[in-house]
Each structure stands twice: as structure tokens, then as C-alpha cells.
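Listed below are the residues making up each chain.
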Amino acid sequence: MQPPWANSKFLIPALNEEESLPKVLDSLFKFGILPEQILILDNGSKDSTPQIAIDAGVILIQEPKRGYGAACLAGIHYLQKKKVSPEFIVFMDADGSDDLENLKDLFAPFSQDPNTNFVIGSRTLGNAEPGSLSFLQKFGNWLSCFLIRIFYGVKFTDLGPFRVLRWKSLLDLDLQDPTWGWNLEMQIKAIRRKFKIQEVPVHYEKRKGGKSKISGNLVGSLKAGVKILYIFFKLTFFST
């Protein structure tokens, strides 16, 4: 019997992740995920990240325009250009912080309810390893979820990176943000389109190497926080 993610593509943005990426790929392969299911979305790495992807036989997409959303969009555009239509898209990070043991949990709601469009792995409901999230990350998540609840009446606990959507549902969202507002845009647009969204608890660990592009420095954290707030108010008050 095939696992529920057999007809899925894994989109993994990466920027200078040569220390952690081999461990992430090894974990994926151990779960029976094939190289052709994995897209490494290289966002202008200066280290050996692209070569690691090539050596592993996975699909390498290079997007030099910096931005988490830009990398994700490059992966989506690649699949569209190749006319590939998987059933599901899995988003996860390349730093090794997402626990693949939670993959079954992320897919369970789709089999339990065929109307489910979107499942988010919540580090808040689950177990975040001490030190894996900075104070600013925790506060930014709390504030974003608080604003969504106040303005949209929907309760989220996290904007976690480990998430699964049906491919057709993802395309319906017409995501645009090229930076750190990507996950928030996804959740707000999913609410507006009345998607059936579920959160499941996930375990979150410290990165397996390298330096975080957000929590690793104060300036990066503040820029990401400002961008996320900008996207929230833009979508809420200036978007139809």
C-alpha cells in the first residue's frame, strides 16, 4: 500500500544550507520519498547547497531573486511549466528543524475528511525544542494569529513552515508575495476562499547546521516581522 504522500511534491526553499540539507534529504529518502518528488528551491546560495541537490538526484530549481516566497513561486512555476499535477504539495524547510515523523499526522486529515484543502503543522500545539524559536519569532506568530482571529474570526496557533495543500487548492490561492509574508498570505487567502483548514501538532527542532536567516539576527527578525504585518494589513484592507 502506498503512503499518502506518494503522489506529492516536496517544495523545500534553501539558502546556504550545506550543513543541514544532506540530513534533510537522507530523512526524506528513509521515508520512501523518491528524488523526483523533491524540489530544492535554491535561493542564491553561495555554498555547496546546489551541488548537494544535484548529487542526490533531486530536482534543483535556482531562483536568484532573494525571498522565501520567490523560491516557493519558482517551484510552483516549474511544475506548471512541466505540466506536472501532483495531488499534494508539501512545504518544509531545508534546515532540518521539521520532524518527518509528523508527516503521517499532516496527511491524516485529508483521508479523514476528503473536503480538507490545507493542513498546517503547529509548533505551538506540538513541541518546539527549547531554543528552536526566538522570542521575536514566537511573538510574531502570536501577533499574526491574534490579528487573524480578530479580523477573520478564525483561530490559528502558528504560521509554521511544515504544511500540506492540495495542488489545485494551492493554485486557487494565486499567491504573490515573494518574501516572508508567503505563509500569512496563504492562510488569509485560504480563509477568504472558505477552505477547510486544519492544524495538527508537530515537533520542531533546532536547525541541523548553518545560521537562521530570521532568528539568527535581530535585523532579519525585525524585517520579517514588519513584512508580515504589512502583508496582513494589505490583504485585509486593500485587497478584494
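Note that the structure is predicted; figures quoted are calculated from it, not measured. (Residues numbered from 1 in each chain as written. Predicted model: local features only at pLDDT ≥ 70, side-chain atom pairs only at ≥ 80, totals over all residues. Heavy atoms only, no water.)

Our focus in this paragraph is the overall build of the protein. Along its length, the protein carries eight helices and seven strands. Computed over the C-alpha atoms, the radius of gyration of the protein is 17 Å, within 12% of the 18 Å expected from 2.2 N^0.38 for a compact globule of 240 residues. For the protein, the spread of C-alpha atoms along the three principal axes comes to 45 × 40 × 35 Å. Relative to its full complement of 240 residues, the protein shows a buried share of 52%. Restricting the contact set of the protein to residue pairs at least 6 apart, pairs at least 24 apart contribute 77%. (Helix = DSSP H or I, 4+ residues; strand = E, 2+ residues; numbered from the N terminus. Rg over C-alpha atoms; globule rule 2.2 N^0.38 Å. Buried < 20%, exposed > 50% of the residue type's maximum accessible area, 1.4 Å probe, protein only. Contact = heavy atoms within 4.5 Å.)

Taken residue by residue, helix α1 (residues 21-30) has Leu21, Val24, Leu25 and Leu28 as its buried positions. Taken down its axis, α1 places every buried residue within 95 degrees of arc, on the same side. Lining the buried residues of α1 we find β1 (8-14), β2 (38-42) and α2 (49-56). Just past α1, the residue Gly32 takes up positive phi, approximately 80 degrees. (Arc of directions from axis to C-beta.)

Nonpolar side chains collect at one region of the surface, where Phe135, Leu136, Phe139, Trp142, Phe146, Ile150, Phe151, Leu222, Leu229, Phe233, Phe237 and Phe238 lie side by side and expose about 1,300 Å² of accessible area between them. At the level of secondary structure, the elements contributing two or more residues to the nonpolar patch comprise α5 (135-152) and α8 (218-237). The dominant element in the nonpolar patch, judged by the number of residues it contributes, is α5, at seven residues. As for its placement among the helices and strands, Phe237 is situated in helix α8. Residue Phe237 is classed as partly exposed on the basis of its relative accessible area, which comes to 48%. (Patch = residues over 30% accessible without salt bridge, like charges linked within 9 Å, V, L, I, M, F, W, Y side chains within 5 Å. Areas by Shrake-Rupley, 256 points an atom, 1.4 Å probe, with all protein chains shown as cover. Salt bridge = Lys/Arg side-chain N within 4 Å of Asp/Glu carboxyl O.)

By volume, the second largest pocket amounts to about 250 Å³. Contributing to the lining of the second largest pocket are 14 residues, with Thr124, Asn141, Trp142, Cys145 and Thr157 lying nearest its centre. Secondary structure elements with two or more residues in the lining of the second largest pocket: β5 (116-128) and α5. No other element matches α5, which puts six residues into the lining of the second largest pocket. For the lining of the second largest pocket, the class distribution of residues is six nonpolar, three polar and five charged. (1 Å grid on protein atoms, 1.4 Å probe; cavity = no way out; pocket = protein on both sides within 12 Å on 5 of 7 lines; lining within 4 Å. Points joined across faces, edges and corners; volume = space filled by probe spheres on them. Nonpolar A, V, L, I, M, F, W, Y, C, P; charged D, E, K, R; others polar.)

All right, on to the UniProt feature "domain: Glycosyltransferase 2-like" (unreviewed entry) in the protein then. Residues given the UniProt feature "domain: Glycosyltransferase 2-like" (unreviewed entry) here are residues 11-139. Across residues 11-139 one finds 36% helix and 23% strand; the C-alpha atoms that close the span lie 26 Å apart. (UniProt positions renumbered as here; feature names shortened; annotations may be inferred.)

In space, the seven strands of this open sheet follow the order β3-β2-β1-β4-β6-β5-β7, with mixed pairing throughout. Edge positions in the sheet fall to β3 (59-62) and β7 (196-204), since each has one partner strand and no second. Taking the axes of each pair of neighbouring strands and ignoring which way they run, one obtains an average angle of 20 degrees across the sheet. For β1 and strand β4 (residues 88-91), the ladder comprises four bridges, and the chain directions are parallel. Counterpart to Lys9 in the pairing with β4 is Ile89. (Pairing = 2+ DSSP bridges. Axes fitted to C-alpha atoms, helices over the stretch in contact; angles between N-to-C directions.)

Right, let's talk about the nonpolar core for a bit. Within the largest apolar cluster, 38 residues are counted, with the highest numbers of intra-cluster contacts made by Leu11, Phe91, Ile148, Leu170, Trp182, Leu184 and Met186. Among the elements that take part in this core, helix α3 (residues 68-81) stands out by supplying seven residues, more than any other. In this structure, Leu184 is in contact with Ser144, Ile148, Leu159, Ile228, Ile231 and Phe232, ignoring residues within four places of it in sequence. Grouped together as the second largest cluster of nonpolar side chains are 28 residues, Trp5, Ile12, Met92 and Val202 included. (Core = buried A, V, L, I, M, F, W, Y, C linked by side-chain atoms within 4.5 Å.)

Note on placement: Ser144 falls in helix α5. What Ser144 contacts, discounting residues up to four positions off in sequence, is Leu159, Leu184 and Ile228.

The next point concerns unusual backbone geometry. One non-glycine residue, Asn16, adopts positive backbone phi at about 55 degrees. Within the fold, Asn16 resides in the loop between β1 and α1.

According to the stated counting rule, one finds seven salt bridges in the structure shown. Note that Arg207 and Asp95 form a salt bridge whose closest N and O atoms lie 3.6 Å from each other. With Arg207 in the loop between β7 and α8 and Asp95 in the loop between β4 and α4 (103-112), this residue pair connects regions lying 112 residues apart in the sequence. A relative accessible area of 23% means that Arg207 is categorised as partly exposed. The exposure class assigned to Asp95 is buried, which follows from its relative accessible area of 9%. Between Glu205 and Lys208 there is a salt bridge, and its shortest N-O distance comes to 2.5 Å.

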